[in-house]
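Residue-level structure breakdown
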Amino acid sequence: MPLPSRWFRRKAAAVLAALAAVLALAGGTGMALADSTTGSGPADASAAAAAPAATGASSGTAPALPCSGLTSLDLAADVPGVPFEITSATELAAGGNTLGNWAACHVKGVIAPQIHFELRLPETGWQSNYLQVGCGGLCGNVSTGSAPASSGCVPLTTGAFAVASSDEGHSQGGGLFSTDPTLRADFGYKSDHQLAQAAKTIIKTYYGRAAAHSYFDGCSQGGHQALTEAQRYPDDFDGIIAGAPANNFTALNTFSHAWTAQSVFLDGGPATLTTADLAPLHQAVLEGCAATDGIIADPLRCTWDPATLTCRAGQTSTPDDFCLTADQVTTLHRIYSGPTDQHGKLLYPGYQLRGSELNWAGVIVPSDADGTSGDINFVRETLRYQVFDSPHPALTYRDIEFTEASYKKIVRPNEGMYDATDPDLKAFRAAGGKLILWHGLGDQHIPAVGTMAYYKAVQKAMGSVAATESFARLFLLPGVAHCGGGQGPSEFDALTAVVDWVTKGDAPDSLMTRSTDGAGKVTATRPVYPFPYVAENTTGGPADEASSYTPVASTAEAGLTLNWLGSFRSGYETVGNWADGKWAVTKGKA
């Protein structure tokens, strides 16, 4: 990757770009988004993007018909195979738009049988861009009010993008919908492709011209949606941002979550760890991993052993004299090792990294020993309604057996419909697609190791590191929890980065992350670099200033190998359709 000196040039580039924007306004002339010689990344890209923001209202494409006119149109015939209708189209005032200060035509509609979607169409300033955003958990609701990796993206806040999202075909957040095979397919792989087709048709009708570029941004289940699109429908989007992807969906929501639940609630409970244990435990981990600034930059490298904190005979653990019981040591060894079968093979390609402990509250560990956890709830919904042909409403996390036979019984029949683990992205690359993967290293829901392993599989499938980095890059955020939050800087703008990559060929050599306080004041900044580089404070400067950091290759990340029962491969995908009154599942991507 380029030397870090390129990153330090961005401050000067940002100043020049901002000055050019002012001059352009004064002279009444337009300007380019950025000078391609200054590099890419949030510092210069955000400043450069100020130009279209300033002139968007005059240079953008105006609607070709009134908002209310959309409801009278029948557009279903324009998208064969995607029956849909617009149910309402109303004015959304700029003051009520959570995406930014721009008025929109707020469209609601349904794709058969029951994929509810919404679309925000800018009334001024539209720059021929389309952004589709994903959802979280098991979805079940429509939210076009935010984009997870676009913090500070000026074009989004000024109306350069038409924005859409869906509920993935069901209106409740549990797994009950999966008892219907059609809704299972809509959730598993189909709904986002159909939404992209319908939304693009509505956009073309409303503005009288098609969107020039299309993008996808999602985290968690949204990251799963993003990778599904790249793998199954490589022509849908020019640029894709996939955050903390739940792409290994089946094993994640069964074996991974059940393993941590059974590890905390040994032999069915009570919990060996509660939220009161997390702060002193986390402090011990930081010390054991030699973290001097409260964040472990390269947690995969740390092998701190919880047994070093075993309580002495007669010792009682206190916050000031913290120690671990034998059961607690067992719990932590299991959490840090991940779910394994009787032969020591992983049943999910990942495990919790050291340094993530504070983020376990409520998800991995309960508030009190007799409480429950998020992991227990995740397993319940998937095990009861999503992985078997008929409902099993009595099953719980305790019914999961960590054996090869159980893995084959649960994963093999479901991975084709639910998972997005195909590493062969040649078709996406051939279509000109660009992919930014990102994951918080302190993720308490979806272990970041699985995303590293998937990215390494992509490198192998594409033939080389260079071939992969030409269109896909992975960024890992130290200390960051699931889709944001945690202990590390977690706000960043990957949307500008992927737009620059698509439109100007500027591949992101880094992303700038930051933390802000309640008043919006920036309290810390830190660069993150493409895998397998980590940002280390090699200068001795302040830990909360980006200028203190330079990229250093992580041998632990580069050398990651997993003894996993599964595999990242092509050809596992299935599709479902009704034929002669029967639901038929066949091999294939589309």
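What you are looking at is a predicted structure, and each value in this text was computed from that prediction instead of being measured.

**Re the overall build of the protein chain**
- Counting secondary structure elements, the protein chain contains 18 helices and 15 strands.
- At 24 Å, the protein chain has a C-alpha radius of gyration in line with the 25 Å of a compact globule built from 590 residues.
- Taken along the three principal axes of its C-alpha coordinates, the protein chain extends 80 × 70 × 45 Å.
- Going through the 590 residues of the protein chain one by one, you find that 58% of them count as buried.
- A sequence separation of at least 24 residues applies to 70% of the contacts in the protein chain between residues at least 6 apart.
- When the accessible surface of the protein chain is summed, it comes to about 21900 Å², and 53% of that surface belongs to carbon and sulfur atoms.
- Side-chain charges in the protein chain split into 37 positive and 55 negative, and the spacing between the mean points of these groups amounts to 6 Å.

**A word on the pattern of salt bridges**
- Under the defined criterion, the tally for this structure stands at 10 salt bridges.
- Note that glutamate 536 and arginine 301 form a salt bridge whose closest N and O atoms lie 3.8 Å from each other. With glutamate 536 in strand S12 (residues 533-537) and arginine 301 in the loop between helix H9 (275-288) and helix H10 (326-337), this pair connects stretches of sequence that are 235 residues apart.
- Since its relative accessible area comes to 23%, glutamate 536 is described here as partly exposed.
- Measuring nitrogen to oxygen at the nearest pair gives 3.3 Å for the salt bridge that ties arginine 380 to glutamate 381.
- Judged by relative accessible area, which is 27%, arginine 380 ranks as partly exposed.
- In this structure, a network of salt bridges that share partners links the residues Arg412, Glu415 and Arg569.

**A look at helix H17 (residues 494-504)**
- Across the 11 residues that make up H17, a large majority, nine, are buried.
- Its side-chain oxygen at 3.2 Å from the backbone nitrogen of leucine 495, aspartate 493 defines the N-terminal cap of H17.
- Taken from the residues just after H17, glycine 505 is the one with a positive phi, measuring 75 degrees.

**With respect to the packing of helix H6 (residues 181-207) against helix H7 (residues 221-232)**
- Relative to each other, H6 and H7 sit at 70 degrees, their axes nearing to 9 Å. When the axis of H6 is compared with that of H7, the two are roughly perpendicular. Considering the relative orientation of H6 and H7, their crossing is right-handed. When H6 is examined against H7, the residues Phe187, Gly188, Tyr189, Asp192 and His193 are found in contact with a partner set consisting of Gln221, His224, Gln225, Thr228, Glu229 and Arg232.
- Looking at side-chain class alone, the contact of H6 with H7 contains two nonpolar, six polar and three charged residues.

**Thoughts on the state of the cysteines**
- Tallied over the full model, the rule gives five disulfides.
- One disulfide in the model links cysteine 289 with cysteine 302; its S-S distance is 1.9 Å. On the S-S bond that ties cysteine 289 to cysteine 302, the torsion sits near -80 degrees, and the link is left-handed. You can see cysteine 289 sitting in the loop between H9 and H10 and its partner cysteine 302 sitting in the loop between H9 and H10, a full 13 residues away along the chain.
- The connectivity of the disulfides in the protein chain is 1-2, 3-4, 5-10, 6-7, 8-9, where the numbers refer to bonded cysteines in sequence order.
- With no disulfide of its own, cysteine 153 has cysteine 219 as its nearest cysteine by sulfur position, at a separation of 17 Å.
- Overall, cysteine 153 belongs to the buried group, its relative accessible area being 1%.

**Thoughts on empty space enclosed by the protein**
- Across all of its chains, the model carries eight cavities of 30 Å³ or more by this definition.
- Taken together, 15 residues line the largest cavity, and the ones lying closest to its centre are Ser256, Thr260, Tyr351, Gln352 and Pro447.
- Among the residues making up the lining of the largest cavity, the classes are represented as six nonpolar, eight polar and one charged.

**Looking at the side chain of glutamine 315**
- Here glutamine 315 shows up in the loop between H9 and H10.
- A polar contact is formed between the side chain of glutamine 315 and the backbone nitrogen of arginine 312, at a distance of 2.9 Å.
- The contact partners of glutamine 315, leaving out residues within four places of it in the chain, are Asp321 and Cys323.

**What to know about the pairing of strand S15 (residues 582-587)**
- Here strand S14 (residues 574-579) pairs with S15 via six bridges, running antiparallel. What sits directly across from tryptophan 578, in S15, is tryptophan 583.
- If you look at the hairpin formed by S14 and S15, you'll find two residues sitting between the two strands, and aspartate 580 has a positive phi there, around 55 degrees.

**Here's the deal with the packing of aromatic side chains**
- Scanning all chains against the criterion turns up 21 aromatic pairs.
- Judged by centre distance (4.9 Å) and plane angle (75 degrees), the ring pair of tyrosine 206 and tyrosine 207 falls under edge-to-face.
- Tyrosine 207 sits in the buried class, given a relative accessible area of 4%.
- With a centroid separation of 5.8 Å and 35 degrees between ring planes, the pair formed by phenylalanine 255 and tyrosine 407 is classed as tilted. Of this pair, phenylalanine 255 sits in helix H8 (residues 249-264) while tyrosine 407 sits in helix H12 (residues 404-410), and the two are 152 residues apart along the sequence.
- What makes tyrosine 407 buried here is its relative accessible area of 2%.
- Note that lysine 200 overlies the ring of phenylalanine 237, its terminal NZ or CZ placed 5.6 Å from the centroid.
- Against the face of tyrosine 336 rests arginine 354, its NZ or CZ located 4.4 Å from the ring centre.

**A few points about unusual backbone geometry**
- Residue alanine 112 is joined to proline 113 through a cis peptide bond whose omega torsion reads 0 degrees.
- Structurally, proline 113 is set in the loop between strand S2 (104-111) and strand S3 (115-122).
- Proline 532 follows phenylalanine 531 through a cis peptide bond whose omega is 10 degrees.
- Tracing the sequence through the fold places proline 532 in the loop between strand S11 (522-528) and S12.
- One non-glycine residue, alanine 290, lies in the positive phi region at around 60 degrees.
- In this structure, alanine 290 sits in the loop between H9 and H10.

About the thresholds
- Residues numbered from 1 in each chain as written.
- Predicted model: local features only at pLDDT ≥ 70, side-chain atom pairs only at ≥ 80, totals over all residues.
- Heavy atoms only, no water.
- Helix = DSSP H or I, 4+ residues; strand = E, 2+ residues; numbered from the N terminus.
- Rg over C-alpha atoms; globule rule 2.2 N^0.38 Å.
- Buried < 20%, exposed > 50% of the residue type's maximum accessible area, 1.4 Å probe, protein only.
- Contact = heavy atoms within 4.5 Å.
- Areas by Shrake-Rupley, 256 points an atom, 1.4 Å probe, with all protein chains shown as cover.
- Lys, Arg positive; Asp, Glu negative; His and termini not counted.
- Charge placed at Lys NZ, Arg CZ, Asp CG, Glu CD.
- Salt bridge = Lys/Arg side-chain N within 4 Å of Asp/Glu carboxyl O.
- Polar contact = N/O pair within 3.5 Å; in protein donor to acceptor, adjacent residues only side chain to side chain.
- Axes fitted to C-alpha atoms, helices over the stretch in contact; angles between N-to-C directions.
- Parallel < 35°, antiparallel > 145°, perpendicular 65-115°, else oblique.
- Left-handed = near helix turned anticlockwise from the far one by under 90°.
- Nonpolar A, V, L, I, M, F, W, Y, C, P; charged D, E, K, R; others polar.
- Disulfide = S-S within 2.5 Å.
- 1 Å grid on protein atoms, 1.4 Å probe; cavity = no way out; pocket = protein on both sides within 12 Å on 5 of 7 lines; lining within 4 Å.
- Points joined across faces, edges and corners; volume = space filled by probe spheres on them.
- Pairing = 2+ DSSP bridges.
- Phe/Tyr/Trp six-rings, centres within 6.5 Å; stacked < 30°, edge-to-face > 60°.
- Lys NZ or Arg CZ within 6 Å of the ring centre and 35° of its normal.

Geometric values such as these leave the question of function open.
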